[in-house]
Amino acid sequence: MDRNKEYFQNQAKIYKALANESRLIIVDRLHKREYSVGELTEIIGLDQSTVSKHLSILLSSGIVANRKEKNVVYYRLLTPCVIDMFQCASKVIR
């Protein structure tokens, strides 16, 4: 594969989206099942607007997807392979 500058720019966008403790917690939780914004707000302990901003970043980078059911928005992990990054980071930490 010929990797050009755009390829690495796209890679950097994904890593930037994951470069936040709260977003990592969100991704970890969404790996198990989908959650609403309200549920994630309780889990993380941040206000809803902050959680929504984090979800927006993850959504725009293609890491999560959402669906609306009546007036509740649910999020799910769109690319579960990002969990592999968690496992790799754990090896580096050790």
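Quick caveat: nothing in here was measured; it's all calculated off a predicted structure.

Here is what the cut-offs are and how they apply
Residues numbered from 1 in each chain as written. Predicted model: local features only at pLDDT ≥ 70, side-chain atom pairs only at ≥ 80, totals over all residues. Heavy atoms only, no water. Helix = DSSP H or I, 4+ residues; strand = E, 2+ residues; numbered from the N terminus. Buried < 20%, exposed > 50% of the residue type's maximum accessible area, 1.4 Å probe, protein only. Contact = heavy atoms within 4.5 Å. Areas by Shrake-Rupley, 256 points an atom, 1.4 Å probe, with all protein chains shown as cover. Lys, Arg positive; Asp, Glu negative; His and termini not counted. Charge placed at Lys NZ, Arg CZ, Asp CG, Glu CD. Phe/Tyr/Trp six-rings, centres within 6.5 Å; stacked < 30°, edge-to-face > 60°. Lys NZ or Arg CZ within 6 Å of the ring centre and 35° of its normal. Expected span 1.5 Å × (residues − 1). Polar contact = N/O pair within 3.5 Å; in protein donor to acceptor, adjacent residues only side chain to side chain.

When helices and strands are counted, the protein shows five helices and three strands. Starting at the N terminus, the α and β elements of the protein follow one another as α-α-β-α-α-β-β-α. The burial tally for the protein puts 27% of its 94 residues in the buried class. Partitioning the contacts of the protein with sequence separation of at least 6, the portion at a separation of at least 24 is 50%. A total accessible area of about 6,500 Å² is found for the protein, and carbon and sulfur atoms account for 52% of it. If you average the places of the 15 positive and of the 10 negative side-chain charges in the protein, the two averages end up 2 Å apart.

A few words now on the packing of aromatic side chains. Under the criterion given, the structure shown has one aromatic pair. Taking 5.1 Å as the distance between ring centres and 85 degrees as the angle between the ring planes, the aromatic pair formed by tyrosine 7 and phenylalanine 8 counts as edge-to-face. The exposure class assigned to phenylalanine 8 is partly exposed, which follows from its relative accessible area of 48%. The ring of tyrosine 35 has arginine 33 lying over it, and the distance from NZ or CZ to the ring centre is 3.9 Å.

For glutamine 11, the position within the fold is in helix α1 (residues 5–18). Given the relative accessible area of 26%, glutamine 11 is considered partly exposed. Residues glutamine 11 and serine 61 lie 50 residues apart in sequence; the distance between their C-alpha atoms is 9.8 Å.

A separate point is the environment of leucine 59. In this fold, leucine 59 is placed in helix α4 (residues 48–60). Residue leucine 59 is classed as partly exposed on the basis of its relative accessible area, which comes to 32%. Between the C-alpha atoms of leucine 59 and serine 49, which are ten residues apart in sequence, the distance is 15 Å. For leucine 59, the contacting residues outside a window of four places in its chain are Val64, Ala65 and Asn66.

With 14 residues, α1 should reach 20 Å at 1.5 Å per residue; the first-to-last C-alpha distance of 20 Å fits that figure. Between the side-chain oxygen at the start of α1 and the backbone nitrogen of glutamate 6 there is a gap of 3.1 Å, and the oxygen is on asparagine 4.

Right, let's get into unusual backbone geometry. Here lysine 70, not a glycine, exhibits a phi torsion of approximately 60 degrees, which is positive. Inspection of the secondary structure puts lysine 70 in the loop between β2 (64–69) and β3 (72–77).

With respect to the helices and strands, threonine 41 occurs in helix α3 (residues 37–44). Taking relative accessible area as the criterion, threonine 41 reaches 16% and is therefore assigned buried. A polar contact of 2.8 Å, which involves the side chain of threonine 41, links it to the backbone oxygen of valine 37.

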